[in-house]
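This is what each chain is made of:
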Amino acid sequence: SADGATTKLAVALSDGLRVETVLMRHGGRTTACVSSQVGCAMGCTFCATGTMGIVGDLTAGEIVEQLLHGRRLGLSGASGGGGSGGGGGSS
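Quick caveat: nothing in here was measured; it's all calculated off a predicted structure.

**Some details on the overall build of the protein**
- From N to C terminus, the protein includes one helix and six strands.
- Each helix and strand of the protein, placed in order from N terminus to C terminus, yields the pattern β-β-β-β-β-α-β.
- Taken over 91 residues, the protein has a buried fraction of 30%.
- A separation of at least 24 residues holds for 52% of the contacts in the protein among residues at least 6 apart in sequence.

**Examining the nonpolar core**
- Within the largest apolar cluster, nine residues are counted, these being Leu9, Val11, Leu13, Val19, Leu23, Ala32, Val34, Val38 and Leu58.
- Those elements giving two or more residues to this core turn out to be β1 (6-12) and β2 (18-26).

**Section: the pattern of salt bridges**
- Under the criterion given, the structure shown has one salt bridge.
- Lys8 is the salt-bridge partner of Glu20, the closest N and O atoms lying 4.0 Å from each other. One end of the pair, Glu20, is in strand β2; the other, Lys8, is in strand β1, and 12 residues separate them in sequence.
- On the basis of relative accessible area, Glu20 is assigned to the buried category, the value being 11%.

**Remarks on the confidence of the model for the protein**
- With 77% of its residues at a pLDDT of 70 or more, the protein has an overall mean of 78.
- Looking across the protein, the model is least confident in strand β6 (residues 78-81), with a mean pLDDT of 48, and most confident in helix α1 (residues 60-72), with 92.
- Within the model, the stretch residues 80-91 combines pLDDT values under 50 with 47 contacts to residues more than four positions away or in other chains.

**Observations regarding α1**
- Over its 13 residues, α1 extends 18 Å from the first C-alpha to the last, a length consistent with the 18 Å expected when each residue adds 1.5 Å.
- Buried within α1 we find Glu62, Gln66 and Gly70. Buried residues in α1, looked at end-on, bunch into an arc of 95°, giving them a common side. Pointing more than 90 degrees away from the buried face of α1 are the exposed residues Ala60, Leu68, Arg71 and Arg72.
- Of the surrounding secondary structure, the elements contacted by the buried residues of α1 are β1 and β2.

**Things to note about the pairing of β2**
- Looking at chain direction, β1 and β2 are connected through seven bridges and run antiparallel. The residue bridging Thr7 from the neighbouring strand is Leu23, located in β2.
- Counted along the chain from β1 to the antiparallel partner β2, the turn is five residues long, and its residue Gly16 has a positive phi close to 90°.
- As paired strands, β2 and strand β3 (residues 29-33) are joined by five bridges and run antiparallel to one another.

About the thresholds
- Residues numbered from 1 in each chain as written.
- Predicted model: local features only at pLDDT ≥ 70, side-chain atom pairs only at ≥ 80, totals over all residues.
- Heavy atoms only, no water.
- Helix = DSSP H or I, 4+ residues; strand = E, 2+ residues; numbered from the N terminus.
- Buried < 20%, exposed > 50% of the residue type's maximum accessible area, 1.4 Å probe, protein only.
- Contact = heavy atoms within 4.5 Å.
- Core = buried A, V, L, I, M, F, W, Y, C linked by side-chain atoms within 4.5 Å.
- Salt bridge = Lys/Arg side-chain N within 4 Å of Asp/Glu carboxyl O.
- pLDDT = per-residue confidence, 0-100.
- Expected span 1.5 Å × (residues − 1).
- Arc of directions from axis to C-beta.
- Pairing = 2+ DSSP bridges.

What follows is the structure, encoded as structure tokens:
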């Protein structure tokens, strides 16, 4: 984001699909919203991910990988949060 409070990461999976992870900084802490699925069932027309439907579930390793990418960016305060939304495209 323009104010630096939010960072969106596109994480490439080993099968070539992508998921999105969002890091949100607020109140002196960082929260990581990680994807647990590729795609989304919500069908929101304004969101590229929402229009693709559910493609599949992530493995535990793929979920943890998202946190490791956040930590690698120096965001060691990241705490797991968020849930089922997924990537697959950029919104």
